[in-house]
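Listed here are the chains, written in short residue letters.
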Amino acid sequence: MRPSWDTYFMEIARTVATRATCPRATVGCVLVREHRILTTGYNGAPRGVAHCSEIGCTIVNEHCVRATHAEANAIVQGALHGVSLAGATAYCTHQPCINCSKLLISAGVLKIVFDQAYPDAVAADLLAEAGVALTQVPHGAGRIA
């Protein structure tokens, strides 16, 4: 069975997540426009900084502050390489947090497709206010004949 576009890009996001270097979460993000991959990102330390997998996490308020989130890394890749993300769809292994939601909105992303829920009412409200569609596509869903 042939996968739907959402399933196809979610599988790629899961593969991107395998590069994550923070053991607290394995997260991947793929930014796509017109069925073409624009950028990818996974959670890990900024360039030139030791990864959590090398020296451990830096925990503040129960969150690792050493790692940059996958969505932010995907947006940074667009900035580094001059790739506009306006009108893109984000495929994320996890529902974006409030900070990543704000970044995706500001980058011009129009739709977010995610697998695992990370419920944040404020993030959901901001996305709705900005007109960004938020859709959950659980693992294994979306096969077409």
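What you see is a predicted model; the values in this text were computed from it and never measured.

K.L.:
Any chance you could explain the packing of aromatic side chains here in plain terms?
P.N.:
Aromatic ring pairs: the centre-centre distance and the angle between the two ring planes describe each pair. One pass over the full model with this rule turns up 4 aromatic pairs. Ring centres 5.3 Å apart and planes at 35° place the aromatic pair Phe9 and Tyr91 in the tilted group. With Phe9 in helix α1 (residues 5–17) and Tyr91 in strand β6 (residues 89–94), the pair connects residues that are 82 residues apart, well separated along the chain. Three or more aromatic residues link up through ring pairs in this structure, and these residues are Trp5, Tyr8, Phe9 and Tyr91.

K.L.:
What's the story with the sheet that holds β6 in this structure? I'm lost.
P.N.:
Strand pairing in a sheet takes place through backbone hydrogen bonds and is either antiparallel or parallel in direction. In spatial order, the strands read β3-β2-β6-β7-β8; together these 5 strands make up an open sheet with mixed pairing. Each end of this open sheet is capped by a strand with a single partner; those strands are β3 (36–42) and β8 (133–136). Going across the sheet, the axis of each strand differs from the next one's by a mean of 20°, ignoring polarity. Across 5 bridges, the pairing between β6 and strand β7 (residues 111–116) is parallel.

K.L.:
Any chance you could explain unusual backbone geometry here in plain terms?
P.N.:
Glycine aside, negative phi is the norm for most residues, and most peptide bonds take the trans geometry. Not every positive phi belongs to a glycine, and Glu34 is a case in point at roughly 50°. Considering the arrangement of structural elements, one finds Glu34 in the loop between β2 (28–33) and β3. Positive phi outside glycine occurs at Glu62, with the angle close to 70°. By the element assignment, Glu62 lies in the loop between β4 (59–60) and β5 (63–64). Classification of Glu62 as exposed rests on a relative accessible area of 65%.

K.L.:
What am I meant to see in the nonpolar core here?
P.N.:
For soluble globular proteins, nonpolar side chains are generally found buried alongside one another. Counting residues in each nonpolar core, the largest one holds 16 residues, and the members touching the most others are Cys29, Leu31, Ala90, Cys92, Leu104, Val109 and Ile112. When residues of this core are traced back to their parent elements, those giving at least two are β2, α3 (70–81), β6 and β7. In terms of residue count, α3 provides more of this core than any other element does, 3 residues in total. Discounting residues that sit within four places of it in the chain, Val109 has contacts with Leu31, Leu85, Ala88, Thr89, Ala90, Leu104 and Val132.

K.L.:
Sorry, what's going on with the pattern of salt bridges here?
P.N.:
Any two side chains of opposite charge can pair, so long as their charged atoms come close to each other. All chains considered together, the criterion is met by 3 salt bridges. Between Lys111 and Asp6 there is a salt bridge, with the nearest N and O atoms lying 3.8 Å from each other. With a gap of 105 residues between them, Lys111 in strand β7 and Asp6 in helix α1 connect regions that are remote in the sequence. Taking relative accessible area as the criterion, Lys111 reaches 26% and is therefore assigned partly exposed. The partner of Arg14 in a salt bridge is Glu11, with the nearest N and O atoms 2.8 Å apart. Taken together, the positions of Arg14 and Glu11, both in helix α1 and 3 residues apart, correspond to about one turn of that helix. Relative accessible area serves as the criterion here: at 17%, Arg14 is assigned to the buried category. What makes Glu11 partly exposed here is its relative accessible area of 29%.

What counts and what doesn't
- Position labels on residues start from 1 in each chain and follow its written sequence.
- Only residues with pLDDT of 70 or above have their local features reported here, since the model is predicted, and side-chain atom pairs are shown and tallied only from 80 upward, although totals for entire chains, interfaces and linings are computed over all residues.
- The side-chain numbers reported here are obtained from all heavy atoms of the structure, hydrogens and water having been left aside.
- In this scheme Phe, Tyr and Trp rings, the latter by its six-membered ring, pair at centre separations within 6.5 Å, and the angle between planes marks the pair as stacked below 30 degrees, edge-to-face above 60, and tilted otherwise.
- By the criteria applied, helices consist of DSSP H or I runs no shorter than four residues and strands consist of E runs no shorter than two, each listed in order from the N terminus.
- One bridge is not enough; two strands pair if DSSP finds at least two bridges between them.
- Angles here are taken between N-to-C directions and fall from 0 to 180 degrees, while the axes themselves are lines fitted to C-alpha atoms, restricted in helices to the stretch in contact.
- Residue burial is assigned from relative accessible area. The probe radius is 1.4 Å, only protein chains are included, and a residue is buried under 20% of its type maximum, exposed over 50%, and partly exposed in between.
- Buried residues of nine kinds, namely Ala, Val, Leu, Ile, Met, Phe, Trp, Tyr and Cys, make up a nonpolar core once their side-chain atoms join them within 4.5 Å.
- Contact criterion: two residues are considered in contact whenever any of their non-hydrogen atoms come within 4.5 Å of each other.
- Salt bridges are defined as contacts in which a side-chain nitrogen from Lys or Arg sits within 4 Å of a carboxyl oxygen from Asp or Glu.

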